[in-house]
Structure formats: C-alpha cells, structure tokens
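Breakdown of the fold
Single-letter residue listing:
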Amino acid sequence: MSYIKYIKDEQHFKEVLSKAAGVKESLWIGTADIKDLYVGDEPFLGVLASLLKAGKEVRLIHAKEPGPIFREEFDRYPVLVKKLDRQLCPRVHFKIMVFDYREVYVGSANLTGAGIGAKGSKKRNFEAGILTDEFEIVDAACNQFDDVWTGKHCKDCLRRDVCGAPIK
C-alpha cells in the first residue's frame, strides 16, 4: 500500500536524510542551494561518498556553485570528484530527492542546515514537503529531474548567458 506523508521542519533532517543514506541503488538530488551539511557527526558529502564507493548512482543538480567551505569539504572526498554525477542549472529551484526510483521527497527545503532542519529550532527555516511512494508523484518528479538532467530545456533557455555549462 502506498503512502503520502507531510514533512515539516526538522522532519526533513530526521526522515528525508535518513532515506538518502539508506538507498540501495540510486539517489537523485535536485536543489537550488547546497551547503556543508552534517548528518550527526558525518558531513552529508561523506554519506554521498560512501554511497558512491558502494557502487550506487548519485546524481546532483543544483543552481550555483556552493561556497568555499562546501568546496573544501567536497575536496576531502576524491570519490566525489571522480564519480559524482553533477549538473549545474541556474534555473533549478525545485527541491527533489528520488530514492531508488521508488520514493520521492518534493518540497521547499534546500540542502542546507537551515533548510533541511539540522540547525537548532531557533535557526532553522520553516519548511514543508511531501514524502511518498505514490507512483504518479514519483514518476512526475523523476521525469522533471530527468528533463533538466538531459538538457531538454537548454536550447531555448533564456539564461544561457549565466549558465557556465549548458547541457546541450
């Protein structure tokens, strides 16, 4: 039986990130912003590196290059440089995480401490989203992600002048 669960505030951190760490095949992440984020004592980039070392597919689409702290953390994991499939698209504002093509998070939270709820209750953003395995929603999210991933919109995009690497 399928489910649809409303996710708010710190539930992003507790429920969405725990799913990311437990994928069996693949993790697709779409976010406007990504920063140095920790899962307990481990950087989220360490979680992604572990997935890649275990042979899992990890795709990341984000709107802009992250700041220097993130870059330093990223460079500590050589497997990310070699194996992380990454695309930049300045038009990406969606927040989507696809877990093994079976479940999806769609919501408002960027992959940052304040967005995903990892910061204290007085520092985190008020966020909302849906976590579900409902086929129609998973399929629609996968299709939207894949359209951006494959550059479907690049040819006619009016932001090509600010895009460092158009896909097509």
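Above this text you will find the structure in question.
What comes next is a walk through the structure. (Residues numbered from 1 in each chain as written. Predicted model: local features only at pLDDT ≥ 70, side-chain atom pairs only at ≥ 80, totals over all residues. Heavy atoms only, no water.)

**Points about unusual backbone geometry**
Basically, it comes down to this: To qualify as a helix, a DSSP run of H or I must reach at least 4 residues; to qualify as a strand, a run of E must reach at least 2; elements of each kind are numbered from the N terminus.
With phi around 55 degrees, D100 is a residue other than glycine that occupies positive phi space. Following the sequence through the fold, D100 ends up in the loop between β7 (95-99) and β8 (103-107). Backbone geometry places Y101, a non-glycine residue, at a positive phi of 60 degrees.

**Comments concerning the packing of aromatic side chains**
Note the threshold: Centres within 6.5 Å make a pair out of two Phe, Tyr or Trp rings, where for Trp the six-membered ring is used; the pair is then stacked when the planes are under 30 degrees apart, edge-to-face when over 60, and tilted otherwise. Here's how the labels work: a residue is buried when its accessible area is under 20% of the maximum for its type, exposed when over 50%, partly exposed in between, all with a 1.4 Å probe on protein chains only.
Summed over the entire model, instances satisfying the criterion amount to four aromatic pairs. A centroid spacing of 6.0 Å and a plane angle of 20 degrees characterise the contact between F145 and W149, whose relative ring orientation is stacked. Within this pair, F145 and its partner W149 are both found in helix α6 (residues 135-149), separated by four residues, close to a single helical turn. Both residues of the pair, F145 and W149, belong to the buried class. Through pairs of rings, three or more aromatic residues link up here, namely W28, Y101, F145 and W149.

**Examining the pattern of salt bridges**
Applicable threshold: Here a salt bridge means any side-chain nitrogen of Lys or Arg lying within 4 Å of a carboxyl oxygen belonging to Asp or Glu.
Within this structure, the stated rule accounts for 10 salt bridges. Residues R59 and E57 are paired through a salt bridge, measuring 3.2 Å at the closest nitrogen-oxygen approach. For R59, a relative accessible area of 15% gives the class buried. Take E57: its relative accessible area is 23%, and that puts it in the partly exposed class. Across the salt bridge formed by K152 and D147, the nearest N and O atoms sit 3.7 Å from each other. One network of salt bridges, in which partners are shared, links E57, R59 and D146.

**Considerations on the side chain of R59**
Put simply, the rule is: Pairing of N or O atoms within 3.5 Å defines a polar contact, subject to two protein rules: one partner must be a possible hydrogen donor and the other a possible acceptor, and residues neighboring in sequence count only if both atoms are side-chain atoms. Whether two residues are in contact is decided by their heavy atoms, any of which lying within 4.5 Å being enough.
Along the chain, R59 turns up in strand β5 (residues 57-62). A polar contact of 3.2 Å, which involves the side chain of R59, links it to the side chain of E57. R59 has contacts with L27, W28, I29, D85, F145, D146 and W149, leaving out every residue within four places of it along the chain.

Everything listed is a geometric property; what it means functionally is a separate question.
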